[in-house]
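Residues per chain, in single letters:
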Amino acid sequence: MITFLGMPSRTSGEIRGRQIAERLHAGHTSARFVDVHNPDWKVIQQNQIALFVRTWEGNLARELKRRGYVVGYEVADMPVGDAVFRNAEVQDLSAYAHSECDFFVVNNHIQLGDMAAVCSKPCYVIPHHSTNVSGQAAVFRTKPERVGYVGLPEQLSGKDELEALCKKHNVQFVSVHPNTREECDEVFRSLDVGVVFAESDSTMRPRVVELMRRYKPNTKLSNFQAYGIPTICTPYESYKEHGDGACTFVDTKEEMLQALEQLLTNHNLRLVESNTAYKVGKRFHIDEILKIYRKMAFEVTS
């Protein structure tokens, strides 16, 4: 079926590569994860599809095509990474529409439209699965104890204000970036409220925030939802498309802090939002996302 090619040290390689591949394989579907920089051809040859996860290697892709493989590329939020870490001027997605590819995978329908503007090949919207494999919600505490952000620290705005507000209410604020599913699961089960907030400031250029809003995946919000954690977040396109309104969208730092104060002081509001989020989060269990991969694999090889 699919060989996922990515970087084992990257969160994307772990989530979209290893976890999906292992779950598919456990369900008796041929799938493997291979280090894109050290490809094992004995593993690759077991599957007809080679899907690059975020990291692109043109020479490897051309060799795969020469050998007759169906080659795909998951664009993910690479435009964001290129803008943040490589100061790239990303005007459209033409740099990601690699000619060697037979198909592409994107995070949402806005990104699908942007790919369609530069490429006519098949493109599939596949949301990220949550880290909550057990499907059990986090324990709801009557008094909140912990507010958290889970992700790269440079993609969070207002950290000092968040810490000050949490301190005012005798609540701990944490900002962490776990690398494994098990670490993520442990962190999410310890939280009462989640925050995902980014705005243009001295550390984040307006174009970067715009790209984040368009292309960031649903991962953070869907993870919070899967554990029944009420979440305050920037209205990223993936959140609007996949979150089903089970969160609080905010555009400014003031709105974010006001929403957080309401959740910290209103038990009933937090309970209602927790239950609503948990119902939506069930849709992003890994086994539900696997169904989309199987359908895609059938279509690109038919």
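Now for a description of the structure that goes with this document.

**Some remarks on the overall build of the protein**
Part 1: Each helix and strand counted, the protein has 13 helices and eleven strands in total.
Part 2: Relative to a compact globule of 302 residues, whose C-alpha radius of gyration would be 19 Å, the protein shows 20 Å and is just as compact.
Part 3: Based on the C-alpha atoms only, the size of the protein along its principal axes is roughly 60 × 40 × 30 Å.
Part 4: Scored against the burial criterion, the 302 residues of the protein give a buried share of 56%.
Part 5: Taking the intrachain contacts of the protein between residues at least 6 apart in sequence as the baseline, contacts between residues at least 24 apart amount to 69%.
Part 6: Roughly 13200 Å² of accessible area belongs to the protein as shown, and the carbon and sulfur atoms make up 49% of that amount.
Part 7: Between the averaged position of the 36 positive side-chain charges in the protein and that of its 38 negative side-chain charges there is a distance of 4 Å.

**Focus on the packing of helix H6 (residues 159–168) against helix H11 (residues 253–265)**
Angle between the axes and distance between the axes are the two parameters that describe a pair of packed helices.
Part 1: At a minimum axis separation of 11 Å, H6 and H11 run at an interaxial angle of 25 degrees. Viewed along their axes, H6 and H11 adopt a mutual orientation that is roughly parallel. Between H6 and H11 the crossing geometry is right-handed. Residues Glu161, Leu162, Leu165, Cys166 and Lys168 of H6 form the contact with H11, whose participating residues are Lys253, Met256, Leu257, Leu260 and Glu261.
Part 2: Considering only residue class, the contact of H6 with H11 consists of six nonpolar, no polar and four charged.

**Thoughts on the environment of Gln172**
Part 1: The topology assignment puts Gln172 in strand S8 (residues 172–176).
Part 2: Expressed as a C-alpha distance, the spacing of Gln172 and Arg146, which sit 26 residues apart in the sequence, is 4.8 Å.
Part 3: Beyond its immediate stretch of four places on either side in the chain, Gln172 contacts Glu145, Arg146, Val147 and Cys166.
Part 4: Looking at Gln172, its side chain comes within polar contact range of the side chain of Arg146, at 3.1 Å.

**A look at the pairing of strand S9 (residues 193–196)**
Part 1: Alternating residues of S9 divide into Val193 and Val195 and Gly194 and Val196, and every residue in both groups is buried.
Part 2: Note: strand S7 (residues 146–150) against S9, two bridges, orientation parallel. Pairing of Val147 across the sheet is with Val193, part of S9.
Part 3: Relative to strand S10 (residues 231–233), S9 is paired through three bridges, and the arrangement is parallel. Each residue of the ladder has a partner; that of Gly194, found in S10, is Thr231.

**A look at the pattern of salt bridges**
Side chains that carry opposite charge are capable of pairing whenever their charged atoms lie near each other.
Part 1: Evaluated as defined, the whole model comprises 23 salt bridges.
Part 2: The shortest N-O distance in the salt bridge between Glu237 and Lys240 comes to 3.3 Å. Of this pair, Glu237 and Lys240 both sit in helix H10 (residues 237–242), separated by three residues, roughly a single helical turn.
Part 3: A residue is classified by how much of its surface remains accessible, and Glu237, at 21% relative accessible area, is partly exposed.
Part 4: Judged by its relative accessible area of 43%, Lys240 falls in the partly exposed class.
Part 5: Each of the salt bridges in this network shares a partner with another, and the network as a whole consists of Arg54, Asp77 and Lys216.

**A look at the sheet that holds strand S4 (residues 70–74)**
Part 1: Here we have six strands laid out as an open sheet, ordered S2-S1-S3-S4-S5-S6, and parallel in their pairing. Either end of the sheet is taken by a strand with one partner, and the two such strands are strand S2 (31–35) and strand S6 (123–125). Mean inter-strand twist for the sheet, computed between neighbouring axes without regard to direction, equals 25 degrees.
Part 2: Inspection of the sheet shows strand S1 (residues 2–6) paired to strand S3 (residues 49–53) by four bridges, in the parallel sense. Note that in S3 the partner of Thr3 across the bridge is Ala50.

**Considering the side chain of Ser157**
Part 1: Mapping Ser157 onto the fold places it in the loop between S7 and H6.
Part 2: In terms of polar contacts, Ser157 uses its side chain to reach the backbone amide nitrogen of Glu199, at 3.0 Å.

Procedures and definitions
Residues numbered from 1 in each chain as written. Predicted model: local features only at pLDDT ≥ 70, side-chain atom pairs only at ≥ 80, totals over all residues. Heavy atoms only, no water. Helix = DSSP H or I, 4+ residues; strand = E, 2+ residues; numbered from the N terminus. Rg over C-alpha atoms; globule rule 2.2 N^0.38 Å. Buried < 20%, exposed > 50% of the residue type's maximum accessible area, 1.4 Å probe, protein only. Contact = heavy atoms within 4.5 Å. Areas by Shrake-Rupley, 256 points an atom, 1.4 Å probe, with all protein chains shown as cover. Lys, Arg positive; Asp, Glu negative; His and termini not counted. Charge placed at Lys NZ, Arg CZ, Asp CG, Glu CD. Axes fitted to C-alpha atoms, helices over the stretch in contact; angles between N-to-C directions. Parallel < 35°, antiparallel > 145°, perpendicular 65-115°, else oblique. Left-handed = near helix turned anticlockwise from the far one by under 90°. Nonpolar A, V, L, I, M, F, W, Y, C, P; charged D, E, K, R; others polar. Polar contact = N/O pair within 3.5 Å; in protein donor to acceptor, adjacent residues only side chain to side chain. Pairing = 2+ DSSP bridges. Salt bridge = Lys/Arg side-chain N within 4 Å of Asp/Glu carboxyl O.

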